[in-house]
Amino acid sequence: TALAEVIRTVQVRYPKWENADVQISFEDKYGKQDGGSAATAFAVLLLSTLDGFEIDPHAAITGDITVDAKTRRIAGVEPKLRAGVRTSKNGSMFL
């Protein structure tokens, strides 16, 4: 699952997390949040907390994360950009 990928990623940077019990809750708690982009978003969330950096609240995150916290290339960029612009509150996106 996406969360399992994130835990492995965080454990590489923070080995003391080996036996950590991590749970992430969403407003839509009944819908499963999974996949490469979800894992990347989860990793950014956890690492921002552990490393102390802020996340821009207007940022959109996509891509697949590796165990060493690198993001791989994504497919379907054009439809994702269109969807981002369509759902943006002010009609703009920053890349």
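Residues numbered from 1 in each chain as written. Predicted model: local features only at pLDDT ≥ 70, side-chain atom pairs only at ≥ 80, totals over all residues. Heavy atoms only, no water.

(A) Spatial organisation of helix 2 (residues 36–51). The terminal C-alpha atoms of helix 2, which comprises 16 residues, lie 22 Å apart, in line with the 22 Å expected from a rise of 1.5 Å per residue. Restricting attention to buried positions, one finds in helix 2 the residues Ala 38, Ala 39, Thr 40, Phe 42, Ala 43, Leu 46, Leu 47 and Ser 48. Contacts made by the buried residues of helix 2 are with helix 1 (2–13), strand 1 (64–65) and strand 2 (71–72). (Helix = DSSP H or I, 4+ residues; strand = E, 2+ residues; numbered from the N terminus. Expected span 1.5 Å × (residues − 1). Buried < 20%, exposed > 50% of the residue type's maximum accessible area, 1.4 Å probe, protein only. Contact = heavy atoms within 4.5 Å.)

(B) Looking closely at the pattern of salt bridges. In total, this model carries four salt bridges according to the counting rule given. One salt bridge in this structure joins Arg 8 and Glu 5, with 2.4 Å as the shortest N-O distance. Here Arg 8 pairs with Glu 5, and both are found in helix 1, just three residues apart, close to one helical turn. For Arg 82, the salt bridge identified is with Glu 78, shortest N-O distance 2.8 Å. You can see Arg 82 and its partner Glu 78 sitting in helix 3 (residues 77–87), four residues apart, about one turn around the helix. The class of Glu 78 is exposed, set by a relative accessible area of 55%. (Salt bridge = Lys/Arg side-chain N within 4 Å of Asp/Glu carboxyl O.)

(C) Spatial organisation of a nonpolar patch on the surface. Taken together, the side chains of Leu 45, Phe 53 and Ile 55 present a nonpolar region at the surface, about 240 Å² in accessible area. On the secondary structure map, Phe 53 appears in the loop between helix 2 and strand 1. Taking relative accessible area as the criterion, Phe 53 reaches 38% and is therefore assigned partly exposed. (Patch = residues over 30% accessible without salt bridge, like charges linked within 9 Å, V, L, I, M, F, W, Y side chains within 5 Å. Areas by Shrake-Rupley, 256 points an atom, 1.4 Å probe, with all protein chains shown as cover.)

(D) Fine view of the environment of Val 12. Here Val 12 shows up in helix 1. Given the relative accessible area of 49%, Val 12 is considered partly exposed. Separated by 55 residues in the primary sequence, Val 12 and Val 67 place their C-alpha atoms 7.0 Å from one another.

(E) Structural context of the packing of helix 1 against helix 2. The geometry of helix 1 relative to helix 2 is characterised by a closest axis approach of 8 Å and an angle of 35 degrees between their N-to-C directions. Pair helix 1 / helix 2 crosses with right-handed handedness. Across the interface between the two elements, Ala 2, Leu 3, Glu 5, Val 6, Val 10 and Arg 13 of helix 1 pack against Ala 38, Ala 39, Phe 42, Ala 43, Leu 46, Leu 47, Leu 50 and Asp 51 of helix 2. Across the contact of helix 1 with helix 2, the residue classes tally to 11 nonpolar, no polar and three charged. (Axes fitted to C-alpha atoms, helices over the stretch in contact; angles between N-to-C directions. Left-handed = near helix turned anticlockwise from the far one by under 90°. Nonpolar A, V, L, I, M, F, W, Y, C, P; charged D, E, K, R; others polar.)

(F) Representation of the nonpolar core within the structure. Listed in full, the 12 residues of the largest apolar core are Ala 2, Val 6, Ile 7, Val 10, Val 22, Ala 38, Ala 39, Phe 42, Ala 43, Leu 46, Leu 47 and Ile 65. Elements supplying a minimum of two residues to this core: helix 1 and helix 2. (Core = buried A, V, L, I, M, F, W, Y, C linked by side-chain atoms within 4.5 Å.)

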